[in-house]
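Commentary on secondary and tertiary structure
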Amino acid sequence: MSAVHNDPASNGTTFGRVTVTVDQAAGDCMIHGTRPGPIADVPVRKRFHSIDEIQGAYQVQLGLSASDPAAGDVARALKFAAQQLQNAKGRKNG
């Protein structure tokens, strides 16, 4: 795992209850959040390895956001990550 993902407090952008870290060199992102557990909230991290994977997950989370506010936070974070990676890709090709 990259150093970017290891420190979401310093390297991440927060959307509601989730934080996203974007590693432009690796072309991936990681969502950091929590989910309810039996006693307390449980930390959850999910890594997305490509822009295509991020965009697919974004579509799913966007659909879920109508009934789940946390999914809306994840969707906004994924949209941000995809934009960051596309901008970085454009700078490399330009």
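Note that the coordinates shown come from a computational prediction; the quantities given were computed from them, not determined experimentally.

What follows is about the environment of proline 38. Looking at the element boundaries, proline 38 is found in the loop between strand E3 (28-35) and strand E4 (42-48). Once the C-alpha coordinates of proline 38 and glutamine 24 are considered, the two residues, 14 residues apart in sequence, prove to be 36 Å apart.

Attention now moves to the layout of surface pockets. The gaps left among the atoms become clear once a water-sized probe is rolled over them. In this structure, the largest pocket spans a volume of roughly 440 Å³. Along the walls of the largest pocket sit 21 residues, with Val18, Thr34, Val44, Ala70 and Val74 positioned nearest its centre. Residue assignment for the lining of the largest pocket shows that the elements contributing at least two residues are E3, E4, helix H3 (51-64) and helix H4 (69-93). Classifying every residue of the lining of the largest pocket by side-chain character gives 12 nonpolar, 3 polar and 6 charged.

Bringing the nonpolar core into the picture now. Membership of the largest hydrophobic core comes to 16 residues, with the highest contact counts inside it found for Val20, Cys29, Ile31, Phe48, Ile54 and Leu78. Put simply, the parts of the chain that give this core at least two residues each are strand E2 (18-23), E3, H3 and H4. In terms of residue count, the dominant contributor to this core is H4 (6 residues).

It is worth spelling out the side chain of aspartate 28 at this point. Mapped onto the secondary structure, aspartate 28 falls in strand E3. Side chain to side chain, aspartate 28 and histidine 5 meet in a polar contact 2.9 Å long. Setting aside anything within four residues of it in sequence, one finds aspartate 28 in contact with His5, Thr21, Val22, Asp23, Arg47, Phe48, His49 and Leu85.

This next bit is on H3. Working note: α-helix, 3.6 residues per turn, so residues spaced by three or four point in the same direction. For H3, spanning 14 residues, the distance from its first C-alpha to its last is 20 Å, which sits close to the expected 20 Å at 1.5 Å a residue. Those residues of H3 lying buried are Ile51, Ile54, Ala57 and Gln61. The arc that holds every buried residue of H3, seen down its axis, measures 125°, which confines them to one face. In this structure, H3 carries Asp52, Gln59 and Gly63 as exposed residues pointing more than 90 degrees from its buried face.

Procedures and definitions
Residues numbered from 1 in each chain as written. Predicted model: local features only at pLDDT ≥ 70, side-chain atom pairs only at ≥ 80, totals over all residues. Heavy atoms only, no water. Helix = DSSP H or I, 4+ residues; strand = E, 2+ residues; numbered from the N terminus. 1 Å grid on protein atoms, 1.4 Å probe; cavity = no way out; pocket = protein on both sides within 12 Å on 5 of 7 lines; lining within 4 Å. Points joined across faces, edges and corners; volume = space filled by probe spheres on them. Nonpolar A, V, L, I, M, F, W, Y, C, P; charged D, E, K, R; others polar. Core = buried A, V, L, I, M, F, W, Y, C linked by side-chain atoms within 4.5 Å. Buried < 20%, exposed > 50% of the residue type's maximum accessible area, 1.4 Å probe, protein only. Polar contact = N/O pair within 3.5 Å; in protein donor to acceptor, adjacent residues only side chain to side chain. Contact = heavy atoms within 4.5 Å. Expected span 1.5 Å × (residues − 1). Arc of directions from axis to C-beta.

None of the figures reported here should be taken as evidence of function without further support.
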